[in-house]
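Each chain is listed here by its residues.
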Amino acid sequence: MKVLYYIHSLTVGGAETIVTNYLIALKGHGVDVALVVNNKANTFLEDRINHANIKIYQLNSDAPTKMIKKICWRIKNKFISYRKKFNHIIDLEKPDLLHIHTYVDRIGDIEFPANKIFYSFHTDVRRSLSLSGKRNYRILQEWANKKLNFFALSEKMKKDIQSCFHTNQVFVLHNGIDLDDVRKKRYDRNIFWHL
């Protein structure tokens, strides 16, 4: 089985850490995985993914360092066809499933069956939808009508998703963080940035 994951980037945060852990765990259990990000972040999470020999595809090119070129780069990336790039990655990887952990407003017209897409919310559903914009909601609703699968972190979240999207294709997948392990350790953010 091949699973293609999509998240905005691997900046250091909760959802990003969960995605990193899922990818590495799935790879360790023999599942073929790859990752798509909008931008590379050059963090220890990316280092962990690279160390596990998991392919990372980047939708945006790296930002130039000179100011004028950087401004042109930002404007160009606003109009880049993420859909075209994403479809190319799908053609290369030929995934069985697509698991999305970010907004879908730029990839709404991808050529992949909605019933083989899983979408995870990592925060309150209504709050997430209010921050993501109308296009993101419209695409999720279109996909939900075509049997998009949702992952919820709790029964409450499951009910919220069902209410917002009028679907029963919602599965509870409790957060994959070992809270006892987190409680036992003290983390120094500066150390992790340099790993």
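This structure is a prediction, so every number in the text was calculated from the model and none was measured. All chains use their own residue numbering, which begins from 1 and follows the written sequence. Given that the model is predicted, a residue must reach a pLDDT of at least 70 before its local features are reported, and side-chain atom pairs must reach 80 or more before they are shown or counted; all residues, however, enter totals for whole chains, interfaces and linings. The side-chain quantities take in all heavy atoms of the structure and omit both hydrogens and water.

Draft legend 1. Molecular detail of the sheet that holds strand β1 (residues 2-7). Pairing in this open sheet of 7 strands is parallel, and the strands run β3-β2-β1-β4-β5-β6-β7 from one edge to the other. Lying at the two open borders of the sheet, with one neighbouring strand each, are β3 (55-58) and β7 (170-172). Strand after strand, the sheet turns through a mean of 25 degrees between neighbouring axes, direction not considered. One ladder, built from 4 bridges, connects strand β2 (residues 32-37) with β3; its direction is parallel. Bridge pairing links Leu 35 to Ile 56 in β3. Contact criterion: two residues are considered in contact whenever any of their non-hydrogen atoms come within 4.5 Å of each other. For helices, the axis comes from a line fit to the C-alpha atoms of the stretch in contact; other axes are also lines fit to C-alpha atoms, and the angle between any two N-to-C directions lies between 0 and 180 degrees. We count a stretch as a helix when DSSP gives it H or I for four or more residues in a row; a strand needs E for two or more, and each element gets its number in order from the N terminus. In the packing of helix α1 (residues 14-28) onto the sheet, the strands contacted are β1 and β2, and the crossing angle to β1 comes to about 165 degrees. Lying over the sheet, helix α4 (residues 82-93) contacts β1, β2, β3 and β4 (97-100), oriented at roughly 155 degrees with respect to β1. Only strands joined by at least two bridges in the DSSP assignment are considered to pair.

Draft legend 2. The packing of aromatic side chains, seen in detail. When two rings of Phe, Tyr or Trp (its six-membered ring) have centres within 6.5 Å they constitute a pair, described as stacked for plane angles under 30 degrees, edge-to-face for angles over 60, and tilted for the intermediate range. The full count for this structure, using the stated rule, is 8 aromatic pairs. With a centroid separation of 5.0 Å and an interplanar angle of 20 degrees, the aromatic rings of Phe 118 and Phe 151 are classed as stacked. With a gap of 33 residues between them, Phe 118 in strand β5 (residues 117-120) and Phe 151 in strand β6 (residues 149-152) connect regions that are remote in the sequence. When the ring of Phe 121 is compared with that of Phe 165, the centres are 6.4 Å apart and the planes differ by 35 degrees; the resulting orientation is tilted. Of this pair, Phe 121 sits in the loop between β5 and α5 (125-132) while Phe 165 sits in helix α7 (residues 155-165), and the two are 44 residues apart along the sequence.

These results come straight from atomic positions and should not be treated as a statement about function.
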